[in-house]
Amino acid sequence: MTTMTPASSTTPTPSQVEAERRPARRSPARRRSTPLTIAMLAVLAYFLLPLFWLLIASTKSTQDLFNTFGLWFSHAPQLLSNIRATFAQDDGVFGRWLLNTVLYAGASALGAALLAAAAGYGFAKYRFRGHGAAFNLVLGAIMIPTTALAIPTYLLFAKAGLVNTPWAVILPSLISPFGLYLMRIYAEDAVPDSLIEAARMDGAGELRIFCTIALRLLAPGLVTVVLFTLVATWNNYFLPLIMLNDPNLYPITVGLSSWAARAQNGGAGAGSDMLALVVTGSLISVIPLVLAFLLLQRYWQSGLATGGVKQ
């Protein structure tokens, strides 16, 4: 007896027929734009060429800075000698400047990030009288350049007796209107209202909710504010210049500027090594910022709900 095969097993279905007629999808080819590539290379050169020149110049003496090609090494590189001379100049004051800068920038960055997180969280999750006006005031403060506030700040600190102290640099740097605005926008989405209500129902107070829940969820935004404030305070020149009179309290920016002034007044030419020390000190001052970015950049990619699991 011949076994009959069911028609359904041999006859293709309409969907199968349609799939066979449909052309195979090809992976989209990568499109290359020559003008865009040239523009990106130009931007890359714009940012990297000054750093490359700084690295090359730090290996030269003052005489070689004027007599050799700027974008290549001299016949006798002396980077280690320049570094030793930089730290030995003026009884090692450069090391003190470096520690001062780390103190000013570190304290300002951490303090500004915490204040911005607290204020941004408050603006995002609470409603109070004058809420809109206060936030508009913050937005207006972003438009005011910091140099315009330097002289009034100096007068206030002079009345308080804080001029020529580390507080004269740290306290003004704690206020970051841009950081507050950033943390307010970030907190609106990063901290769910349902999570706050659940914590309140469990009996947690507002301060405990902020410290144990909100800060963890705001970690990527905090790192962003830390980096912005760290760079701004590290590179700040005008405020320390008018606030500090003691060379032992100078940050790197003001200290290297004083060395550069001495090199110019003393005839920084072939017979002076001060200009080489200024260039080498500038290279050393860049390294901590590069390390900070490399260490903290991974936190930018962390999820919004990092640490949100109830413990």
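Below is a summary of the structure that appears in this document. Because the structure is a prediction, the values reported are computed rather than measured.

1. Considerations on unusual backbone geometry
If you check the backbone angles, D90 has positive phi at about 55° while not being a glycine. Among the structural elements, D90 can be located in the loop between α5 (79-88) and α6 (93-125). On the accessibility criterion, D90 (35% relative accessible area) is partly exposed. Phi at N164 is positive, roughly 65°, even though this residue is not glycine.

2. Notes on the packing of aromatic side chains
Summed over the entire model, instances satisfying the criterion amount to 11 aromatic pairs. Through a chain of ring-to-ring contacts, three or more aromatic side chains come together here, namely F87, F94, W97 and W259. One cation-aromatic arrangement involves R184 over F135; the distance from NZ or CZ to the ring centre is 4.2 Å.

3. Points about the packing of helix α10 (residues 177-190) against helix α13 (residues 219-234)
To describe two helices that pack against each other, one gives the angle between their axes and the distance between the axes. Contact geometry for α10 and α13: axes closest at 10 Å, N-to-C directions at 165°. When the interaxial angle is binned, α10 and α13 end up roughly antiparallel. Judged by the twist between their axes, the crossing of α10 over α13 is right-handed. Every residue of α13 that contacts α10 at F178, G179, L182, M183 and Y186 is listed here: P220, G221, L222, T224, V225 and F228. Classifying every residue of the contact of α10 with α13 gives 8 nonpolar, 3 polar and no charged.

4. Structural notes on the side chain of T229
You can see T229 is positioned in helix α13. For T229, the contacting residues outside a window of four places in its chain are S108, A109, A112, S173 and S176.

5. Considerations on the pattern of salt bridges
Scanning the entire structure with this criterion turns up 5 salt bridges. In this structure, the salt-bridge partner of E206 is R200, at a minimum N-O distance of 2.9 Å. Take E206: its relative accessible area is 34%, and that puts it in the partly exposed class. On the basis of relative accessibility, which here comes to 30%, the residue R200 falls in the partly exposed class. Taken together, the salt bridges that share partners define one network made up of E197, R200 and E206.

6. Regarding helix α12 (residues 206-217)
Here α12 is 12 residues long and its end C-alpha atoms lie 15 Å apart, about the 16 Å a rise of 1.5 Å per residue gives. Turning to α12, its buried residues number three or more, namely I209, F210, I213, A214 and L217. Around the axis of α12, the buried residues are gathered within 125° of arc, so they sit on the same side. Facing away from the buried side of α12 by more than 90 degrees, the exposed set consists of L207 and R208. Contacts made by the buried residues of α12 are with α6, α10, α11 (193-201) and α13.

7. Considering the packing of α12 against α13
Following both chains from N to C, one finds α12 and α13 inclined at 70°, their axes separated by 4 Å at the closest point. Considering the angle they form, α12 stands roughly perpendicular to α13. Across from L215, R216 and L217 in α12, the residues of α13 making contact are A219, P220 and L222. Of the residues belonging to the contact of α12 with α13, the class tally is 5 nonpolar, no polar and 1 charged.

8. Things to note about empty space enclosed by the protein
This model, assessed by the stated rule, comprises 1 cavity of 30 Å³ or more. Looking at the largest cavity, the residues that line it are T101, Y104, V169, T233, W234, N236, P240 and P251. Elements represented by at least two residues in the lining of the largest cavity include exactly α6 and α13. Classifying every residue of the lining of the largest cavity gives 5 nonpolar, 3 polar and no charged.

Criteria and thresholds
- Residues numbered from 1 in each chain as written.
- Predicted model: local features only at pLDDT ≥ 70, side-chain atom pairs only at ≥ 80, totals over all residues.
- Heavy atoms only, no water.
- Helix = DSSP H or I, 4+ residues; strand = E, 2+ residues; numbered from the N terminus.
- Buried < 20%, exposed > 50% of the residue type's maximum accessible area, 1.4 Å probe, protein only.
- Phe/Tyr/Trp six-rings, centres within 6.5 Å; stacked < 30°, edge-to-face > 60°.
- Lys NZ or Arg CZ within 6 Å of the ring centre and 35° of its normal.
- Axes fitted to C-alpha atoms, helices over the stretch in contact; angles between N-to-C directions.
- Parallel < 35°, antiparallel > 145°, perpendicular 65-115°, else oblique.
- Left-handed = near helix turned anticlockwise from the far one by under 90°.
- Contact = heavy atoms within 4.5 Å.
- Nonpolar A, V, L, I, M, F, W, Y, C, P; charged D, E, K, R; others polar.
- Salt bridge = Lys/Arg side-chain N within 4 Å of Asp/Glu carboxyl O.
- Expected span 1.5 Å × (residues − 1).
- Arc of directions from axis to C-beta.
- 1 Å grid on protein atoms, 1.4 Å probe; cavity = no way out; pocket = protein on both sides within 12 Å on 5 of 7 lines; lining within 4 Å.
- Points joined across faces, edges and corners; volume = space filled by probe spheres on them.

Shape descriptors only; they carry no functional weight alone.
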